[in-house]
Amino acid sequence: LTKGTPVNVSPVISSGSTVSSFSISPALPSGLSLNANTGVISGTPTLETRKQNYTITDQSSGVNYNSTISIDVR
C-alpha cells in the first residue's frame, strides 16, 4: 500500500456462505480499519510500515475460519 493513498479491499466470500462477523489480529496499520460486519479493509494509511502478516477471522455458522494477508505501507 502507499502512504496517503486511500484503500478499499473487500473479501471474497464463498457462494452460499453467511459470515456473521470479521476480526483481525494484530491491529492494522495506522489509518486503516476492518469493518466487522462486511470484512472490508478501508482507510488511508498514515505511516510507513514493514511487511507484516495479519490473520483475519470470519465466523460462519458458529465456526471460525482464518485467512492470512500481508500488508506493507511504503
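Residues numbered from 1 in each chain as written. Predicted model: local features only at pLDDT ≥ 70, side-chain atom pairs only at ≥ 80, totals over all residues. Heavy atoms only, no water.

## Quick notes on the nonpolar core
- Among the nonpolar cores identified, the biggest contains eleven residues, and these are Val7, Val19, Phe22, Leu28, Leu32, Leu34, Ile41, Tyr54, Ile56, Ile71 and Val73.
- Contributing elements (two or more residues each) for this core: strand S3 (32-34), strand S5 (49-60) and strand S6 (63-73).
- Once residues within four sequence positions are removed from consideration, Leu34 is found in contact with Phe22, Ser23, Ile24, Leu28, Gly39, Val40 and Ile41. (Core = buried A, V, L, I, M, F, W, Y, C linked by side-chain atoms within 4.5 Å. Buried < 20%, exposed > 50% of the residue type's maximum accessible area, 1.4 Å probe, protein only. Helix = DSSP H or I, 4+ residues; strand = E, 2+ residues; numbered from the N terminus. Contact = heavy atoms within 4.5 Å.)

## Quick word on the sheet that holds S5
- One open sheet holds the three strands; their spatial order is S2-S5-S6, and the pairing between them is antiparallel. The strands lining the two open edges of the sheet, one partner per strand, are strand S2 (21-25) and S6. On average, adjacent strands in this sheet sit at an angle of 25° to one another, irrespective of strand direction.
- Here S5 runs beside S6; their pairing, made up of ten bridges, is antiparallel. If you follow Gln52 over to S6, its bridge partner there is Ile71. (Pairing = 2+ DSSP bridges. Axes fitted to C-alpha atoms, helices over the stretch in contact; angles between N-to-C directions.)

Bear in mind that shape data such as this cannot, by itself, settle questions of function.
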